[in-house]
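# Structure at a glance
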Amino acid sequence: MIRYGQAEYAIFIMKQVTEKLRNQNIITEEQYRQLTAKNQDDCYNQFCTANAA
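This one's a predicted model, so the numbers in the text were calculated from it and none came from an experiment.

## What to know about the overall build of the protein
- Tallying secondary structure elements over the protein gives 2 helices and 0 strands in all.
- Out of the 53 residues belonging to the protein, those deemed buried represent 21%.
- Long-range pairs, those at least 24 residues apart, make up 64% of the contacts in the protein with a sequence separation of at least 6.
- Per element, the accessible surface of the protein, about 4,400 Å² overall, is 52% carbon and sulfur.

Here it is, written out as structure tokens:
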């Protein structure tokens, strides 16, 4: 079983969502990269991480 911190788990879920949007051509590749970076920053600012424990 892989254990995630809250931030890592949230990033994993958000990445799945943005990949689906990209694969369905709802967002562009550039928007995907920007959204992924923004989600990662937001998640690490909002949630605890496994590494911080």
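## Thoughts on helix H1 (residues 6-23)
- Between its first and last C-alpha, H1 extends 26 Å over 18 residues, near the 26 Å set by a 1.5 Å rise per residue.
- Of all the residues in H1, the buried ones are Ala-7, Glu-8, Ala-10, Ile-11 and Thr-18. All buried residues of H1 project into a common sector of 150° when viewed along the axis, lining one side. Among the exposed residues of H1, those oriented more than 90 degrees off its buried face are Lys-20 and Asn-23.
- Packed against the buried residues of H1 are helix H2 (29-46).

## With respect to H2
- Its 18 residues place the ends of H2 26 Å apart at the C-alpha level, agreeing with the 26 Å of an ideal helix rising 1.5 Å per residue.
- Among the residues making up H2, those that are buried are Tyr-32, Asn-39 and Cys-43. What you see down the axis of H2 is that its buried residues fit within an arc of 35°, all on one side.
- Summarising the contacts, the buried residues of H2 are in contact with H1.

## Description of the packing of H1 against H2
- Across the interface, H1 lies against H2 with an axial gap of 9 Å and an inter-helix angle of 165°. Looking at the two axes, H1 sits roughly antiparallel to H2. In terms of crossing hand, the pair formed by H1 and H2 is right-handed. Contact with H1, carried on its side by Ala-7, Glu-8, Ala-10, Ile-11, Met-14, Lys-15, Thr-18, Glu-19 and Arg-22, involves Glu-29, Tyr-32, Leu-35, Thr-36, Asn-39, Gln-40, Cys-43 and Tyr-44 of H2 and no other residues of that element.
- Looking at the contact of H1 with H2, its residues break down into 8 nonpolar, 4 polar and 5 charged.

Procedures and definitions
Residues numbered from 1 in each chain as written. Predicted model: local features only at pLDDT ≥ 70, side-chain atom pairs only at ≥ 80, totals over all residues. Heavy atoms only, no water. Helix = DSSP H or I, 4+ residues; strand = E, 2+ residues; numbered from the N terminus. Buried < 20%, exposed > 50% of the residue type's maximum accessible area, 1.4 Å probe, protein only. Contact = heavy atoms within 4.5 Å. Areas by Shrake-Rupley, 256 points an atom, 1.4 Å probe, with all protein chains shown as cover. Expected span 1.5 Å × (residues − 1). Arc of directions from axis to C-beta. Axes fitted to C-alpha atoms, helices over the stretch in contact; angles between N-to-C directions. Parallel < 35°, antiparallel > 145°, perpendicular 65-115°, else oblique. Left-handed = near helix turned anticlockwise from the far one by under 90°. Nonpolar A, V, L, I, M, F, W, Y, C, P; charged D, E, K, R; others polar.

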